[in-house]
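Single-letter residue listing:
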Amino acid sequence: MTRLRVSIVSVVVTTLLASSPLPSAAQMDEVGLPLGSAPDAVIIEDLDGNPVDLGRWVGKAPLLLEFWARWCEQCEALEPRMRIAHERYGDRVEFLAVGVGVNQNPRSIRRHLTRHPMPFPVLWDGEGKATRAFRAPTTSYVVILDVNGKVAYTGVGPDQDIEAAVRRVLDDPATEER
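These notes cover the structure that comes with them. This structure is a prediction, so every number in the text was calculated from the model and none was measured.

Observations concerning helix α5 (residues 162–171)
In step 1: Buried within α5 we find Ile162, Glu163, Ala165, Val166, Val169 and Leu170. Along the long axis of α5, the arc covered by the buried residues comes to 165°, so they all point the same way.
In step 2: Where α5 is buried, its residues contact β3 (63–68), α2 (73–89), β4 (94–100), β6 (141–145) and β7 (151–156).

Structure (structure tokens):
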């Protein structure tokens, strides 16, 4: 993709993200992908530019993805909840942060992670493939897929009860030891 095209895409996505109203707490299970649906398979990158197929985690254990940016205040506010959930459930649930390709790049994310390490992998969605596949309306969007790859939870913002959402997925009989 040319630099001009990337810049235009970045401006459009930034505008859309900035203008997207955040849903109320009552709407949290209704943002992005519909519950029970399965996202399209996508290949994004790690921070070194290597391809990463998100499908490699689907069907093995529940998968939690946060659409994240280093500049996102909502993501920063959500981080303690993510850390606690990862500490308690990271052995049974795969956690991934998907760095959106808006006003950041892999180098700036690596610099940020040097100062503020995350306890789980951060991937790069520079072309917006995962953002589109998961219908991410904004940063701080969290999606949890159950062990069968179906959407079990979606939410936006710093007030999400990540632990309760993960527990709900783990208590589902479909997620018990496979």
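What to know about the nonpolar core
In step 1: Of all hydrophobic cores here, the largest spans 51 residues; its most connected members are Leu54, Leu64, Phe67, Phe134, Tyr141 and Val166.
In step 2: For Val166, the residues in contact, after removing those within four places along its chain, are Leu64, Tyr89, Val93, Phe95 and Ile144.

As for the packing of aromatic side chains
In step 1: Scanning all chains against the criterion turns up 3 aromatic pairs.
In step 2: Between Phe67 and Phe134, the ring centres sit 5.8 Å apart and the planes meet at 50°, which makes this aromatic pair tilted. With Phe67 in strand β3 and Phe134 in the loop between α4 (129–133) and β6, this pair connects stretches of sequence that are 67 residues apart.
In step 3: Residue classification places Phe67 among the buried positions, given a relative accessible area of 0%.
In step 4: Ring centres of Phe67 and Tyr141 lie 5.7 Å apart, and the angle between their planes is 35°; this geometry places the pair in the tilted category. Taken together, the residues span a long stretch of sequence, with Phe67 in strand β3 and Tyr141 in strand β6 at a distance of 74 residues.

Things to note about unusual backbone geometry
In step 1: Positive phi values are uncommon outside glycine, yet Asn103 reaches one of about 55°.
In step 2: Located in the positive-phi region is Arg135, a residue other than glycine, with phi close to 50°.
In step 3: Relative to the elements of secondary structure, Arg135 occurs in the loop between α4 and β6.

A look at the pattern of salt bridges
In step 1: Evaluated as defined, the whole model comprises 6 salt bridges.
In step 2: With its nearest N and O atoms 2.5 Å apart, the salt bridge here joins Arg88 to Glu163. Linking Arg88 in helix α2 with Glu163 in helix α5, this pair joins segments that are 75 residues apart in sequence.
In step 3: One continuous salt-bridge network, built from bridges that share partners, spans Arg88, Glu163 and Arg167.

Quick notes on a positive patch on the surface
In step 1: The grouping of Arg70, Arg107, Arg111 and Arg115 at the surface amounts to a positive patch.
In step 2: Considering the arrangement of structural elements, one finds Arg107 in helix α3 (residues 106–115).
In step 3: On the basis of relative accessible area, Arg107 is assigned to the exposed category, the value being 56%.

Considering the side chain of Asp46
In step 1: For Asp46, the position within the fold is in the loop between β1 (43–45) and β2 (51–53).
In step 2: Buried Asp46, no salt bridge; nearest opposite-charge side chain is Arg110, N-O distance 7.0 Å.
In step 3: A distance of 2.8 Å separates a polar side-chain atom of Asp46 from the backbone nitrogen of Asp48.

Topic: the pairing of β7
In step 1: With 5 of 6 residues buried, β7 lies mostly within the body of the structure.
In step 2: Two elements, β6 and β7, share 5 bridges in a ladder whose sense is antiparallel. Paired with Val143 across the two strands is Thr154, which belongs to β7.
In step 3: Counting the residues that bridge the hairpin from β6 to β7 gives 5 residues, and of these Gly149 lies at a positive phi of roughly 85°.

So, the environment of Ile44
In step 1: Relative to the helices and strands, Ile44 resides in strand β1.
In step 2: Take Ile44: its relative accessible area is 4%, and that puts it in the buried class.
In step 3: Measuring from C-alpha to C-alpha, the distance between Ile44 and Lys129 comes to 6.9 Å, with 85 residues separating the pair along the chain.
In step 4: In contact with Ile44, not counting residues within four places along its chain, are Asn50, Pro51, Val52, Leu54, Val98, Leu123, Trp124, Asp125, Lys129 and Ala130.

Thresholds applied
- Residues numbered from 1 in each chain as written.
- Predicted model: local features only at pLDDT ≥ 70, side-chain atom pairs only at ≥ 80, totals over all residues.
- Heavy atoms only, no water.
- Buried < 20%, exposed > 50% of the residue type's maximum accessible area, 1.4 Å probe, protein only.
- Helix = DSSP H or I, 4+ residues; strand = E, 2+ residues; numbered from the N terminus.
- Arc of directions from axis to C-beta.
- Contact = heavy atoms within 4.5 Å.
- Core = buried A, V, L, I, M, F, W, Y, C linked by side-chain atoms within 4.5 Å.
- Phe/Tyr/Trp six-rings, centres within 6.5 Å; stacked < 30°, edge-to-face > 60°.
- Salt bridge = Lys/Arg side-chain N within 4 Å of Asp/Glu carboxyl O.
- Patch = residues over 30% accessible without salt bridge, like charges linked within 9 Å, V, L, I, M, F, W, Y side chains within 5 Å.
- Areas by Shrake-Rupley, 256 points an atom, 1.4 Å probe, with all protein chains shown as cover.
- Lys, Arg positive; Asp, Glu negative; His and termini not counted.
- Charge placed at Lys NZ, Arg CZ, Asp CG, Glu CD.
- Polar contact = N/O pair within 3.5 Å; in protein donor to acceptor, adjacent residues only side chain to side chain.
- Pairing = 2+ DSSP bridges.

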